[in-house]
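Each chain is listed here by its residues.
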Amino acid sequence: MGNVTEILTTDLDTLPVVQAWVGLEHGRRLPHRVEVLRRVKKSVVCRLAGVGPGRSDIIAKSCLRETGMVERQVYTHVLPQLPVSRLQFHGLVEVPGTDFCWLFLEDARGDAFAPDDPRHRELATRWLAGLHTGSVALAEVLALPDRGTGYYRGEMRAASRAMRENYDNPALSQQDRELLDEMLAQFDFLESRWDDVDDVCRVMPRSLVHNDFAERNVRIRDGQEVLVFDWEVAGWGLPAVDMAHVDVALYWSFVRDVWPALDLETLRRHVTLGKLLRGGIAASKWSAMSLATTWPETANLQSYGRRIRHDLKVLGWTRR
């Protein structure tokens, strides 16, 4: 789970992550080293070597308490009830006086998920079908964030607002502003068609969605077990937002007995909408936040704009 950026071997008992781990339960052993895998503004991910069952490694993740609680709910109350492989959850420790916490998980050792590998694609498709169909009945009894169409409409409006507010950033070229004009027009058009977005989504029940089912968050262990982590943006929503890398016909073969009203062509349309919402709108929102800086991510925005344009065409929603 990640590449090592730093290795710590001395005074480990003074590290906040080790103190949190030891404080989980009396008798927890100290690691013989701590490997820092990722360090960003609101998150640190470490590997605690040799502290888990059978001297296995444990992953420790520092994150905002709000998202940590979502991940704990998924690992402890949702995934154990579903017919899918999962990582073992070892606990959550809140950091006093802050909005942060530490999550402790089994290390997801395995091969990086490769969507172009037919075997990986088949495994991911089967796993997602089990996740989606198995979790539908839990949506009414477990409190998780709403990731339905309203969530993505909010993401689109946030992206639009960031583009308008930072349109005059001196770091933007005339070509960049033309890109923003195009994307703002796309967003305005989608606002006008949002009833159609809702109509497409009504054909499938709401389920648990990972909401960031991408190569960086999935491992394949022993060539057969799918391990998925980083559930911080998970919630109840549209199954299709997880389905950018599935074999759609195979997925349908797994779910059609559970959802008999769903035909293959309708599912394909649903998947296209899922790509538009997550790979177009939500991704654009994250890059649009960079428009306030001296290094705006306009190359990424250009890619997401093409995604939106392509998916609108496939859906048959064309601007006049």
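Nothing here was measured: the structure is a model prediction, and the numbers come from that model.

Thoughts on the state of the cysteines
Move 1: Enumeration over the complete set of coordinates arrives at zero disulfides.
Move 2: Free of any disulfide, cysteine 101 has its nearest neighbouring cysteine sulfur in cysteine 63, separated by 4.0 Å.
Move 3: With relative accessibility at 0%, the residue cysteine 101 sits in the buried group.

Here's the deal with the sheet that holds strand S2 (residues 34-40)
Move 1: Taken in spatial order, the six strands line up as S1-S2-S3-S4-S6-S5 in an open sheet, and their pairing is antiparallel. This sheet does not close on itself; its edge strands, each paired only once, are strand S1 (6-8) and strand S5 (89-94). Within the sheet, the average angular offset between the axes of one strand and its neighbour, ignoring direction, is 20°.
Move 2: Across seven bridges, strand S4 (residues 58-64) lies against strand S6 (residues 100-106) in antiparallel orientation. For leucine 64, the partnering residue across the bridge sits in S6 and is phenylalanine 100.
Move 3: With respect to the sheet, helix H1 (residues 16-24) is in contact with S2, strand S3 (43-48), S4, S5 and S6, its orientation differing from that of S6 by roughly 70°.

Some details on the side chain of serine 287
Move 1: Following the sequence through the fold, serine 287 ends up in helix H8 (residues 264-288).
Move 2: The residues contacting serine 287, other than those within four sequence positions of it, are Glu297, Asn300, Leu301 and Tyr304.

Topic: the packing of H8 against helix H9 (residues 298-315)
Move 1: Here H8 crosses H9 at 155°, and the two axes come no closer than 9 Å. Here H8 lies roughly antiparallel to H9, going by the angle between them. In this structure, the crossing between H8 and H9 has a hand that is left-handed. Along the contact surface, H8 presents Arg269, Thr272, Leu273, Lys275, Leu276, Gly279, Gly280, Ile281, Ala283, Ser284, Ser287 and Ala288, while H9 presents Asn300, Leu301, Tyr304, Arg307, Ile308, Asp311, Leu312, Val314 and Leu315.

Thoughts on the pattern of salt bridges
Move 1: Under the criterion given, the structure shown has 27 salt bridges.
Move 2: The partner of glutamate 35 in a salt bridge is arginine 33, with the nearest N and O atoms 2.7 Å apart.
Move 3: Taking relative accessible area as the criterion, glutamate 35 reaches 7% and is therefore assigned buried.
Move 4: Overall, arginine 33 belongs to the partly exposed group, its relative accessible area being 27%.
Move 5: With a shortest N-O distance of 2.8 Å, lysine 61 and aspartate 230 are connected by a salt bridge. Of this pair, lysine 61 sits in strand S4 while aspartate 230 sits in the loop between strand S11 (225-228) and strand S12 (235-237), and the two are 169 residues apart along the sequence.
Move 6: Of the residues examined, aspartate 230 reaches a relative accessible area of 14% and is grouped as buried.

Brief notes about the sheet that holds strand S9 (residues 207-209)
Move 1: Here three strands make up an open sheet; going across it, the order is S8-S12-S9 and the pairing mixed. Edge positions in the sheet fall to strand S8 (146-147) and S9, since each has one partner strand and no second.
Move 2: Running at roughly 140° to S9, helix H3 (residues 118-135) makes contact with S9 and S12 of the sheet.

A word on H8
Move 1: Under the 1.5 Å per step criterion, the end-to-end length of H8 is 35 Å for 25 residues, consistent within 8% with the ideal 36 Å.
Move 2: Between a side-chain oxygen at the N-terminus of H8 and the backbone nitrogen of glutamate 265 the separation is 3.1 Å; the capping residue is aspartate 263.

What about the nonpolar core?
Move 1: In this structure, Leu79, Trp127, Leu131, Leu208, Trp231 and Tyr251 are the most contacted members of the largest nonpolar core, which totals 49 residues.
Move 2: Mapped onto this core, the elements with two or more residues apiece are helix H2 (65-78), S5, S6, H3, strand S10 (218-221), S11, helix H7 (248-255) and H8.
Move 3: No other element matches H3, which puts six residues into this core.
Move 4: If near-sequence neighbours (up to four positions away) are discounted, leucine 79 is found in contact with Val74, Val84, Arg86, Leu131, Leu208 and Trp231.

Points about the packing of helix H4 (residues 149-165) against H8
Move 1: For the pair H4 and H8, the least separation of the axes is 8 Å and the interaxial angle reads 40°. Once H4 is placed against H8, the crossing between them reads as left-handed. Judged by residue contacts, Tyr152, Glu155, Met156, Ala158, Ala159, Ala162 and Met163 of H4 engage Leu277, Arg278, Ile281, Ala282, Ser284, Lys285, Trp286 and Ala288 from H8.
Move 2: Looking at the contact of H4 with H8 residue by residue, the class counts come to 11 nonpolar, one polar and three charged.

Considering the packing of aromatic side chains
Move 1: Under the defined criterion, the tally for this structure stands at six aromatic pairs.
Move 2: Centre to centre, the rings of tyrosine 75 and phenylalanine 89 are 5.8 Å apart; their planes meet at 15°, and the pair counts as stacked. With a gap of 14 residues between them, tyrosine 75 in helix H2 and phenylalanine 89 in strand S5 connect regions that are remote in the sequence.
Move 3: Pairwise contacts between aromatic rings join Phe113, Trp127, Phe213 and Trp231 into one cluster.
Move 4: Cation over ring: arginine 147 sits above tyrosine 151, and NZ or CZ is 4.5 Å from the ring centre.
Move 5: When the ring centre of tryptophan 286 is taken as origin, the NZ or CZ atom of lysine 285, which lies over that ring, is 4.4 Å away.

The rules behind the values
- Residues numbered from 1 in each chain as written.
- Predicted model: local features only at pLDDT ≥ 70, side-chain atom pairs only at ≥ 80, totals over all residues.
- Heavy atoms only, no water.
- Disulfide = S-S within 2.5 Å.
- Buried < 20%, exposed > 50% of the residue type's maximum accessible area, 1.4 Å probe, protein only.
- Pairing = 2+ DSSP bridges.
- Helix = DSSP H or I, 4+ residues; strand = E, 2+ residues; numbered from the N terminus.
- Axes fitted to C-alpha atoms, helices over the stretch in contact; angles between N-to-C directions.
- Contact = heavy atoms within 4.5 Å.
- Parallel < 35°, antiparallel > 145°, perpendicular 65-115°, else oblique.
- Left-handed = near helix turned anticlockwise from the far one by under 90°.
- Salt bridge = Lys/Arg side-chain N within 4 Å of Asp/Glu carboxyl O.
- Expected span 1.5 Å × (residues − 1).
- Polar contact = N/O pair within 3.5 Å; in protein donor to acceptor, adjacent residues only side chain to side chain.
- Core = buried A, V, L, I, M, F, W, Y, C linked by side-chain atoms within 4.5 Å.
- Nonpolar A, V, L, I, M, F, W, Y, C, P; charged D, E, K, R; others polar.
- Phe/Tyr/Trp six-rings, centres within 6.5 Å; stacked < 30°, edge-to-face > 60°.
- Lys NZ or Arg CZ within 6 Å of the ring centre and 35° of its normal.

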